[in-house]
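Coordinates in review
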Amino acid sequence: MQAPLAGRVALVAGATRGAGRGIAVQLGAAGATVYATGRTSGSHRSEMDRPETIEETAALVDAAGGRGIPVRVDHLVPDEVRALVARIEDEQGGLHILVNDIWGATRMEWGKPVWESTLDYGLHTMRLAVDTHAITSHFAIPLLIRTPGGLVVEVNDGTAEYNATNYRVSFFYDLAKASVSRMAFALAHELEPHHATAVSITPGWLRSEKMLENHAVTEANWRDATVRTPHFAISETPAFVGRAVAALAGDPDLARWNGQSLTSGDLAKIYGFTDLDGSRPDCWRYVVEVQDAGKPADVTGYR
């Protein structure tokens, strides 16, 4: 049986680790050719100074059944993004899926109002979270819209609805997350005449490499972290949002989602996929109904 995304070409911008890696691997599992970009390649590390590399991501894409192509790119540098898209056009002749998952912030000044925040770092955070997405879309979308049915995914933290009514811990983080949702909204209007679709998608509480490290656990024993952080019980692997993006990309009725803000948990109910453990964590409903409501941690009915 042919893989559902065989013959499709994807660019996952920000695929070094976390959600980007999970999305790249699951697109590969569905048969896609995936360009995995990021700043950490070989001995070169980004300012995040973490060990994960785009070569590792590409190898995981290959192992999943797709074709992974690592390309070191700083998405804040227009010439590098222009060259990347030119390479994709030269090697593949087209682009069908664009995933903007770039983030790369090394620290956040949680709980500080804008006048107490470090301005240089706050502005740099905005550039990493917003400018990178705009630059990548500027260069990649002309290639994507040559073929009807293209998909642009803006990866976010929180739905548009949740972010519109909840302060997201700091001025700069709040503004960045609202901006990403709005980018998907704007792109949806601009892409519709070209028979392409733009959405924003948010994973839940992500068990990324850094998150597991922060909680001093591994994927094998992640539940141990719930002793100190009970709500961590609703967390999910990066593969879950990856399967959500792969399901969207393979949907012949993809256009029905144009402009919408989606979650991995909601899409799991619709498309029937699960996380790696067979569960379907519905994190954002849990956050509203349990965590934000001040109730004791209990994932019954939420995964």
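Scroll up to find the structure this text is about.
A short tour of the structure in this document, coming up. Since the model is a prediction, treat every value here as computed from it, not as a measurement.

Focus on empty space enclosed by the protein
- Scanning the model with the defined rule gives 2 cavities of 30 Å³ or more in all.
- Put simply, the largest cavity is a space of about 60 Å³.
- What lines the largest cavity is Arg-107, Met-108, Glu-109, Ser-117, Tyr-121, Gly-122, Thr-125, Ser-170 and Phe-172.
- Class assignment for the residues of the lining of the largest cavity results in 3 nonpolar, 4 polar and 2 charged.
- In this structure, the second largest cavity spans a volume of roughly 30 Å³.
- Lining the second largest cavity are Pro-203, Gly-204, Glu-236, Thr-263, Ser-264, Gly-265, Pro-281, Asp-282, Cys-283 and Trp-284.

What about the nonpolar core?
- Core analysis: the largest hydrophobic core is formed by 36 residues, its most contacted members being Leu-27, Val-99, Ile-201 and Leu-248.
- Secondary-structure elements contributing two or more residues to this core are strand 1 (9-13), helix 1 (18-29), strand 2 (33-38), strand 4 (97-100), strand 5 (151-155), strand 6 (197-202), helix 8 (238-249) and helix 9 (264-271).
- If you look at the next biggest cluster of nonpolar residues, it comprises 24 residues, including Tyr-35, Val-73, Leu-187 and Ala-188.

Details of helix 1
- A rise of 1.5 Å per residue sets the reference length of helix 1, with its 12 residues, at 16 Å; its end C-alpha atoms lie 17 Å apart and thus fit the reference within 8%.
- Most of helix 1 sits out of view: 11 of its 12 residues are buried.
- All of the buried residues along helix 1 are Gly-18, Ala-19, Gly-20, Arg-21, Gly-22, Ile-23, Ala-24, Val-25, Gln-26, Leu-27 and Gly-28.
- Looking at the residues trailing helix 1, positive phi occurs at Gly-31, about 105°.

Things to note about the packing of aromatic side chains
- For the structure shown, the criterion picks out 9 aromatic pairs.
- Each ring, one from Phe-240 and one from Phe-273, has its centre 5.4 Å from the other, and the planes form 65°; the classification is edge-to-face. Here Phe-240 is found in helix 8, whereas its partner Phe-273 is found in the loop between helix 9 and helix 10 (283-291), with 33 residues between them in sequence.
- Ring centres 6.5 Å apart and planes at 50° place the aromatic pair Trp-257 and Tyr-271 in the tilted group. Highlighted residues: Trp-257 in the loop between helix 8 and strand 7 (261-263) and Tyr-271 in helix 9, separated in sequence by 14 residues.
- Looking at Trp-257, the relative accessible area reads 9%, which means it is buried.
- A network of ring pairs unites the aromatic residues Trp-103, Trp-110 and Tyr-173 as a single cluster.
- One residue, Arg-207, lies across the ring of Trp-222, its end atom 3.8 Å from the ring centre.

Overview of the pairing of strand 3 (residues 67-72)
- Where strand 2 meets strand 3, 6 bridges bridge the pair, whose relative direction is parallel. Of the residues in strand 3, the one forming a bridge with Val-34 is Gly-68.
- For the crossover from strand 2 across helix 2 (residues 54-64) to strand 3, the handedness is right-handed.

Details of the sheet that holds strand 6
- Reading across the sheet, the 7 strands line up as 3-2-1-4-5-6-7 and stay open at both edges, with parallel pairing between neighbours. Among the strands making up the open sheet, the edge pair consists of strand 3 and strand 7. Strand-to-strand, the axes of this sheet are offset by a mean angle of 20°, without reference to chain direction.
- With 5 bridges joining them, strand 5 and strand 6 adopt parallel strand pairing. Bridged to Val-155 within strand 6 is Ile-201.
- Helix-sheet contacts for helix 1 involve strand 1, strand 2, strand 4 and strand 5, and the interaxial angle to strand 1 is about 170°.
- Strands in contact with helix 9 are strand 6 and strand 7; relative to strand 7, the strand with the most contacts, it is inclined by about 75°.

How each quantity is defined
- Residues numbered from 1 in each chain as written.
- Predicted model: local features only at pLDDT ≥ 70, side-chain atom pairs only at ≥ 80, totals over all residues.
- Heavy atoms only, no water.
- 1 Å grid on protein atoms, 1.4 Å probe; cavity = no way out; pocket = protein on both sides within 12 Å on 5 of 7 lines; lining within 4 Å.
- Points joined across faces, edges and corners; volume = space filled by probe spheres on them.
- Nonpolar A, V, L, I, M, F, W, Y, C, P; charged D, E, K, R; others polar.
- Core = buried A, V, L, I, M, F, W, Y, C linked by side-chain atoms within 4.5 Å.
- Buried < 20%, exposed > 50% of the residue type's maximum accessible area, 1.4 Å probe, protein only.
- Helix = DSSP H or I, 4+ residues; strand = E, 2+ residues; numbered from the N terminus.
- Expected span 1.5 Å × (residues − 1).
- Phe/Tyr/Trp six-rings, centres within 6.5 Å; stacked < 30°, edge-to-face > 60°.
- Lys NZ or Arg CZ within 6 Å of the ring centre and 35° of its normal.
- Pairing = 2+ DSSP bridges.
- Right-handed = clockwise from strand over helix to strand, strands pointing away.
- Axes fitted to C-alpha atoms, helices over the stretch in contact; angles between N-to-C directions.
- Contact = heavy atoms within 4.5 Å.

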